[in-house]
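# Inside the fold
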Amino acid sequence: MSLDLLRILAGALVLGLAGGYSLLATSRAAGTQQPPVAPTRTEVVLLGTGTPPADPDRSGPATAVVVNGTAYLVDMGAGIVRRAKSAVVDKGVAALDPVKLRVVFLTHLHSDHTVGYPDLLLTPWVLGRRVPLEVYGPTGIKAMTEHVLEAYRADFDTRTKDRGLYTVGAFPEGHAVNAHEIRPGVVYKDANVTVTAFATKHTMDSYGYRFDTPGRSIVISGDTNPTQATIDACRGCDVLVHEVLTLEWLAKRPDFQAYAAQFHTTTAQLVELASKARPRLLVLSHSSLSLRPAVDSERSAPAVFLREMSGYAGQVVVGRDLDVY
Ligand SMILES: [Zn+2]
Ligand SMILES: [Zn+2]
């Protein structure tokens, strides 16, 4: 056996051990280490669990609910389309092939949740999407849509004009957008899913979403202070994906504390909220997590989240990009 081959085998062993450790470190459950696998064809895929900082381990906020082979997105943070392709290649979630991305619900218009808008509009279009993008979101999404379309006018015009020279993509109908400004209540319904929006408490018009699919219910909080609306939307739901900041990180960031107290949720607050909402699985996302000190030494390691959430009796996991539940 060559020395190189020995090195490769040793490296694989170390990676395997590290993978096992990370699973233990990021999941706490009564008697099990794995989230329950529901007997349905609905999956929640975390495409981006990050926040505004440019974290190479975590893309900007985006979550997919995949039902019977169709993907429904919530938020469009930086990296959304490439993470979707990773879900296809690395996780086998074929519904997230970029050309199939067609429907997105926005929690609010902060840049970290919308900076992937041109990517979600243009990349699947160039790859061959032939239907408009359907975008549901707060007041202002129509204006943002008009501005994004106008910003890329030169691209639409030239790719459409030169289409005869291409063999794939750039169909004129594929770069259209239907933007829908929503209010609380049922905002979308098809054969797979009913989507209900509820108002949340953030610094602008903002919503969380509940997805009811055949056999599963999923609630995604968006950015918010703890609200009764989130508890009411969940009430024993299968999966609650909630934002969260650790007390450890906030203690190091006095400049952010007053803002967070009004518009975000701490681990202590989430213990209280989840104890009332009682999801079968609580997924921590859009959190003050750092997976490597070299990226951010102030933010918290996965074990800190689980320690600070120890007052919560239910099952909780620290969400990472490309986790599938
Ligand atoms: Zn926000
Ligand atoms: Zn945010």
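Cut-offs and rules
Along each chain, numbering runs from 1 in the same order as the chain's sequence is written. Numbering of ligands from 1 and lettering of chains from A proceed in the order in which they are written. Per-residue local features are limited, in this predicted model, to residues with pLDDT of at least 70; the limit for side-chain atom pairs, both in listing and counting, is 80 or more; totals at the level of whole chains, interfaces and linings are taken over all residues. Processing note: side-chain calculations cover all non-hydrogen atoms of the structure and skip hydrogens and water entirely. Numbered from the N terminus, helices here are DSSP runs of H or I no shorter than four residues, and strands are runs of E no shorter than two. For each residue, the accessible area found with a 1.4 Å probe, counting protein chains only, is set against the maximum for its type, and the residue is called buried under 20%, exposed over 50%, and partly exposed in between. Throughout, a contact is declared for two residues whenever any of their heavy atoms are within 4.5 Å. Residue-level accessible areas treat just the shown protein chains as cover; the underlying method is Shrake-Rupley with a 1.4 Å probe. Only nitrogen, oxygen and sulfur atoms qualify as donors, and only when within 2.8 Å of the metal (3.2 Å in the case of Na, K and Ca); with water excluded, sites may look incomplete. Here the metal geometry follows the donor angles, with tetrahedral for four donors whose angles all fall between 85 and 135 degrees, square planar for four and octahedral for six when opposite donors are more than 155 degrees apart and every other angle is between 65 and 115, and irregular for all the rest. Note that a disulfide, as used here, is simply two cysteine sulfur atoms within 2.5 Å. Salt bridges are defined as contacts in which a side-chain nitrogen from Lys or Arg sits within 4 Å of a carboxyl oxygen from Asp or Glu. Here, any two strands with at least 2 DSSP bridges between them count as paired. In this analysis an axis means a line fitted to C-alpha atoms, helices contributing only their contacting stretch, and an angle means the value between N-to-C directions, from 0 to 180 degrees. Between 30 and 60 degrees the pair is tilted, below 30 it is stacked and above 60 it is edge-to-face, where a pair is any two Phe, Tyr or Trp rings, Trp via its six-membered ring, whose centres lie within 6.5 Å. Whether a charge sits over a ring comes down to the Lys NZ or Arg CZ being within 6 Å of the ring centre and within 35 degrees of the ring normal. Buried Ala, Val, Leu, Ile, Met, Phe, Trp, Tyr and Cys residues that are joined via side-chain atoms within 4.5 Å together make up what is termed a nonpolar core.

Our next topic: the overall build of the chain. Counting its secondary structure elements, the chain contains eleven helices and 14 strands. Within the span of the chain, comprising 325 residues, buried residues form 52% of the whole. Across the chain, every contact between residues at least 6 apart in sequence was considered, and the portion connecting residues at least 24 apart equals 66%. Carbon and sulfur atoms form 58% of the exposed surface of the chain, whose accessible area is close to 14300 Å².

Protein coordination at the zinc ion (ligand 2): the donors are Asp112 (OD), His113 (NE2), Asp223 (OD) and His286 (NE2), at 2.1 to 2.5 Å from the metal. Relative to the metal, the four donor atoms surrounding the zinc ion (ligand 2) lie at angles of 90 to 162°, and the coordination shape comes out irregular.

Under the defined criterion, the tally for this structure stands at one disulfide. In this model Cys234 forms its disulfide with Cys237; the gap between the sulfur atoms is 2.2 Å. Disulfide Cys234-Cys237: torsion about the S-S bond near -85°, hence left-handed. As far as burial versus exposure is concerned, Cys234 and Cys237 are alike and both buried.

A complete count under the given rule lists 13 salt bridges for this structure. One salt bridge connects Arg58 with Asp55, and the closest N-O pair in it is separated by 3.3 Å. The class for Arg58 is buried, based on a relative accessible area of 3%. Judged by its relative accessible area of 13%, Asp55 falls in the buried class. In this structure, Lys85 engages Asp97 in a salt bridge whose closest nitrogen and oxygen atoms are separated by 3.2 Å. Of this pair, Lys85 sits in helix 2 (residues 80-91) while Asp97 sits in the loop between helix 2 and strand 5 (103-105), and the two are twelve residues apart along the sequence. When its relative accessible area of 37% is taken as the criterion, Lys85 is described as partly exposed.

Only His108 (NE2), His110 (ND1), His202 (NE2) and Asp223 (OD) from the protein coordinate the zinc ion (ligand 1), and they sit 2.1 to 2.4 Å from it. In this structure, the zinc ion (ligand 1) is surrounded by four donor atoms whose angles at the metal cover 92 to 163°, and the resulting shape is irregular. Of note, the zinc ion (ligand 1) draws all its donor residues from one chain, in the sequence arrangement H-x1-H-x91-H-x20-D. Separating the zinc ion (ligand 1) from the zinc ion (ligand 2) is a distance of 3.4 Å, and Asp223 supplies a donor atom to each of them. Pair noted here: His110 is in the loop between strand 5 and helix 3 (111-114) and His202 is in the loop between strand 9 (194-199) and strand 10 (207-213), with a separation of 92 residues, a long-range link.

Attention now goes to the sheet that holds strand 3 (residues 62-67). Spatially, the six strands line up as an open sheet ordered 2-3-4-5-6-7, and their pairing is mixed. Lying at the two open borders of the sheet, with one neighbouring strand each, are strand 2 (42-48) and strand 7 (177-181). Going from strand to strand, the sheet's axes swing by 20° on average, the running direction of each strand aside. Pairing of strand 4 (residues 70-74) with strand 5, which is carried by two bridges, proceeds in the parallel orientation. Of the residues in strand 5, the one forming a bridge with Val74 is Phe105. Set on the sheet, helix 2 makes contact with strand 2, strand 3 and strand 4; between it and strand 2 the angle comes to about 135°. Strand contacts of helix 5 (residues 141-151): strand 6 (133-137) and strand 7, with the helix running at about 160° to strand 7, the strand carrying the most contacts.

All right, on to the packing of aromatic side chains then. Taken as a whole, this structure holds ten aromatic pairs when the rule is applied. Ring centres 5.4 Å apart and planes at 45° place the aromatic pair Phe256 and Tyr259 in the tilted group. Linking Phe256 with Tyr259, this pair stays in helix 9 (residues 254-263), spanning three residues, or about one helical turn. The ring of Phe171 carries the charged tip of Arg130 above its face, separated from the ring centre by 3.8 Å. The positively charged end of Arg299 is found above the aromatic ring belonging to Trp249, 4.7 Å away from the centroid.

Counting residues in hydrophobic clusters, the biggest one holds 33 residues, and the most contacted among them are Leu47, Leu73 and Leu96. Counting residues per element, the ones that place at least two in this core are strand 2, strand 3, strand 4, helix 2, helix 4 (117-127), strand 6 and helix 5. Per-element tally for this core: the top contributor is helix 4, with five residues. Setting aside anything within four residues of it in sequence, one finds Leu73 in contact with Leu47, Thr63, Ala64, Ile80, Leu96, Leu101, Val103, Val104, Phe105 and Leu120. Core analysis: the second largest hydrophobic core is formed by 26 residues, Tyr188, Val195, Val241 and Leu281 among them.

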